Every structure is written in structure tokens, then in C-alpha cells.
Amino acid sequence: MPATVIVGLQWGDEGKGKATDFLSEQVRWVVRYQGGDNAGHTIVLGTEVFKLHLVPSGVLYPHIVPLIGPGVVVNPATLIGELDGLAARGVDTSRVRVSHACHVIMPYHVAEDRASEARLGRAGIGTTHRGIGPAYADRASRVGLRMEDLLDETALRRKLERLVPDKNAWLAQIGDEGRPFAVEALVESALSWGVRLREQIADTTTLIQDALRAGDHALFEGAQGTLLDLDHGSYPFVTSSSPVAGGACTGGGIGPLQVTAVIGIMKAYTTRVGAGPYPTELLDEIGEGIAMRGHEFGTTTGRRRRVGWFDAVPLRYAVDVNSVSSIILNKLDILSGIDEIRLCVAYEINGRRVERWPASAEEVARAKPIYETFPGWPEELHAARTPDDLPPNARAYVGALAALAGVPITLVSVGPERTQTVILDDRPLAAGRG
Ligand code: GDP
Ligand code: IMO
Ligand code: MG
């Protein structure tokens, strides 16, 4: 009954989509466990590019059952659009199932997200404006709609009649200029989503438990990353869910002892979208060069991602809080041509050397990185497939990252395409450390 969690070790966009797609060949189920359409996971197959926001990244394989677990917040209009878009490109989406317990992102959540960010102005979080925070807030307040409500007109109308006046009042109070939401129009939209998704709304927890009992292998595909986690990231510059591996249990419908391996995904440098402290951020032409070579523009919002050197301080923390058993390293190819590569191994805070990830965002904001330097390599890496194809300086850099993490790096990605992958250890799905 193997269950492997795929988790981002940085601030998201580490290449979880590519890694999940690559590993899907060897498993039967792929389960999204948190987040919503704030995620943008890219898969490149030959000349075809797929950008997935809600549908799990295993969907391109006919043998995979893709599940959207109860911890995900679902914008049904986005989900329907994504399913239709995939079907139009010849992808069979009939096996996709979405939990009856997923909370629904309604149009007023998107309005609330935009309005509260606008009100915060420069102090904003820099959210994706997808209504993620407001939908999770309603879930915690126990006033949200769940996917099952889209199939029950009476419950739907009762809940919306209670909630919508409060939403309109709040939006009007903070000066939102949009028209007030009308209950009847929302009921009509929600019922039409229910009609479209009826066959796909299911009890995904029972499905995954039965599958594990039968001995199938399941991947749990995290969205965002450890440093954006509501509890473990630098609050408040975080998302509103639990991207860490523990989130796969609560949001995917499995128990902690069912997780057999945790694969951390990271890139060879760092990026961050949105606001918040970022000690190794590069504001010079080296950063600009990495951003351009790496096409560091958001998959969901198109925003230019902030770029920085690799930071081993939060890496050690991420390995611990996720109990990472092995790592997949992406985008090594993007560092080709840089003379000297820097790697942050510790911070200086108030004149003291600090190797632990600081607990507060204020402390992270005061951290000055302490770097080790590595000689770069001029060669392009896109054609590398075996460790021997990597230049010695690239191998030394990968070795340093693995040593700092304290767990093995099994795969190194050297391009966006599925096959642009160097296999260092041919058992990337092997069970975790004991
Ligand atoms: P995710 O959110 O973690 O799935 O990552 P994104 O898809 O948002 O961002 C990763 C971007 O890098 C995508 O455009 C991928 O196609 C691309 N990518 C992934 N791995 C590699 C790699 O090794 N090299 C290069 N050049 N691009 C990569
Ligand atoms: P994937 O799964 C990178 C960031 C936003 C913002 C913060 C809160 O593709 O790695 P939210 O809309 O979630 O309330 O925004 O989180 N963010 C991401 N950054 N990759 C993502 O997803 C992200 N999803 C949210 O930019 O800083
Ligand atoms: Mg992304």
C-alpha cells in the first residue's frame, strides 16, 4: 500500500507538475490534497505544454485515476474549464473525481480576496486573487458550501440566503465597487456546475483507502510549497492551506502511518511570487538573467517571479517538517553560463551566525545571507541523461545540495520536457528512511 507525498520545499513553482508527471508512470492514483486554482503546474510532453490548476498532474496517463481530495478548495467554473480544455486536446478526463467534501470557491470569495488585497495596498500579501483565503476562512467558520451542496438545491438556497447578505455588507463596507451578489443568480450557477460535475463528485477518501488496501501505489501531489504553508511559512506571507507533507493526510484522506515516502521538490535556485521576506533575493543582472533563462513568470497570474540564490537554511527546515526521504532537483540547466554560483549556508542576524530557519517573518527580513561559492559551468545541460553527462562542477554543486539536505537527490531535471531528466538513483519512489 505505498503512498508517496510530493511536496514543494521552497516557495512553490519548484516543478512539482513535471516531477508528478514523471513519476506517474509507476503508480495508479494521483491525489491533490490542498490549495486550489492558485496552483499552476506545468507538464511538457514533446511540443505540447499543459498548465494544470486543479486537475492532478497524472491525468495525461490513461492508467492513472486523478483525485481531488477534501483538503482542496474548488472553483467549479475553473475545474469545468480545465476538464473541457483537456478533453478538447484529446485527454481522457472521465476518471477525474472530486471529493464531495471539497469547499467551493464562490464568486464572492474572489471579490473578497481582491477587495482585501486592494485595501491592504502595498502591505498586501500579493495573493493570486483566486479567492483561496476567503474560501478557507469560510470553511473554518463552518459557513462554506461543499461540492455536495451543488447537488442539493434546498441546502444550497438555504446556505446562500444566510451568507450572501453578510458578504454584500462586508464588501460594501470596505468600498468594493462591484454590484452586490444576488442569491438567485448564485443558486442558478451553482446548480449548473452540479449538473456538469455530478458524475465526478465522489467520496475520494473511500476510493483511496480501498486502493491502498488493494496494494495500489498513490502519489499525493502538493501545491505551493513549505515556505508558503499556513503554519510553517513566514506568516502572514503564506497561503491559507497546508502544503507540507502532513497536509496529505488531512487533505488527502490517509493516516500518517500510511505515508511510505516523502519526495521533496526543489529547484537549483529559488523563486518567490508575491510579498514577504526573501534573504537571498537577487536584484541585479544575475537575477534578471536567471529569470529570463528560467522563464520565471507565474503559471497562474503571469507575474514575474522574484529570483534568488539557493538557500539551505529553509531547506534543512523543510526536510525536517516534511520528513523528506529523498529529493528531486529541478532546473539545474538554468544555472549554465554563470561564472560563480552562490549557495546560502547560514544567516547573520544582529551580528550572530544563525543556521536555523527563524521562527518569525520579521527575523527572516533582518537576515543577511552567508554564502559559499561554487565554480559554474559553461556547458548547456539539456541533453544530459546520466550523471556522467553532467560537467564535474555541476555534479559538485548537486553533491553539496544533497549534503546540506542530508537526504539523497534521486533525479535531476535539465529541461521542462518529461524526458529531460538525469537519473541518479533509479528507485526515486523507494520507501523512506527508517
Ligand atoms: P510547479 O508549480 O511546482 O508545478 O512548477 P511550475 O510549473 O509553476 O513552474 C516550473 C516551470 O519550470 C514550468 O514552466 C516547467 O515547465 C519548468 N521546468 C520544470 N523543470 C524544469 C527544468 O529542469 N528545466 C527547465 N528549464 N524548466 C523546467
Ligand atoms: P504552485 O502550486 C507560487 C503565493 C502567492 C502569494 C501567496 C498567497 O504552482 O507552486 P494565495 O492566492 O494562495 O492566497 O496567495 O502564495 N502562491 C504561490 N506561489 N506557486 C504557487 O502554486 C502559489 N500559490 C500561491 O503568490 O504570495
Ligand atoms: Mg506553479
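Conventions and cut-offs
- Residues numbered from 1 in each chain as written.
- Chains lettered and ligands numbered in written order.
- Predicted model: local features only at pLDDT ≥ 70, side-chain atom pairs only at ≥ 80, totals over all residues.
- Heavy atoms only, no water.
- Donors = N, O, S within 2.8 Å, 3.2 Å for Na, K, Ca; no water.
- Helix = DSSP H or I, 4+ residues; strand = E, 2+ residues; numbered from the N terminus.
- Buried < 20%, exposed > 50% of the residue type's maximum accessible area, 1.4 Å probe, protein only.
- Polar contact = N/O pair within 3.5 Å; in protein donor to acceptor, adjacent residues only side chain to side chain.
- Contact = heavy atoms within 4.5 Å.
- Core = buried A, V, L, I, M, F, W, Y, C linked by side-chain atoms within 4.5 Å.
- Domains from an automatic or database assignment.
- Buried area = accessible area lost by both parts, 1.4 Å probe.
- Salt bridge = Lys/Arg side-chain N within 4 Å of Asp/Glu carboxyl O.

(A) Main features of the coordination of the magnesium ion (ligand 3). The magnesium ion (ligand 3) binds to the protein through D13 (OD) and G40 (O), with metal-donor distances spanning 2.1 to 2.2 Å. Residue D13 is found in the loop between β1 (3-8) and α1 (16-24), and its partner G40 is found in the loop between β2 (29-32) and β3 (41-45); the two are separated by 27 residues along the sequence. For G40, a relative accessible area of 10% corresponds to the buried category.

(B) Examining the side chain of Q200 more closely. Tracing the sequence through the fold places Q200 in the loop between α6 (183-197) and β9 (201-202). Polar contacts involving the side chain of Q200 include one to the main-chain carbonyl oxygen of V96, which spans 3.2 Å. Once residues lying within four places of it in the same chain are set aside, the contact partners of Q200 are L83, T93, S94, V96, R97 and V98.

(C) Inspection of the nonpolar core at higher detail. If you look at the biggest cluster of nonpolar residues, it comprises 59 residues, and the most contacted ones within it are F220, I327, L332 and Y397. Not counting residues within four places of it along the chain, the set of residues in contact with Y397 comprises A268, F310, L332, L335, I341, L343, F374 and W377. Formed by 35 residues, the second largest nonpolar core is a distinct cluster that contains V74, L145, L163 and L186.

(D) A look at the domain arrangement of the protein. By domain assignment, the protein separates into domain 1 (3-90 + 203-430) and domain 2 (103-198). Look at where the C-alpha atoms of domain 1 and domain 2 centre, and you get two points 30 Å apart. When domain 1 packs against domain 2, the two sides together hide about 1,900 Å² of surface, and 62% of this comes from carbon and sulfur. For domain 1, the biggest contributors to the area lost against domain 2 are V73, P76 and I80; these three give 28% of the whole. For the interface between domain 1 and domain 2, the tally reads one salt bridge. The salt bridge involving D84 is made with R196; its shortest N-O contact spans 2.6 Å. The tally of links between domain 1 and domain 2 comes to seven residue pairs in polar contact (both at pLDDT 80 or more).

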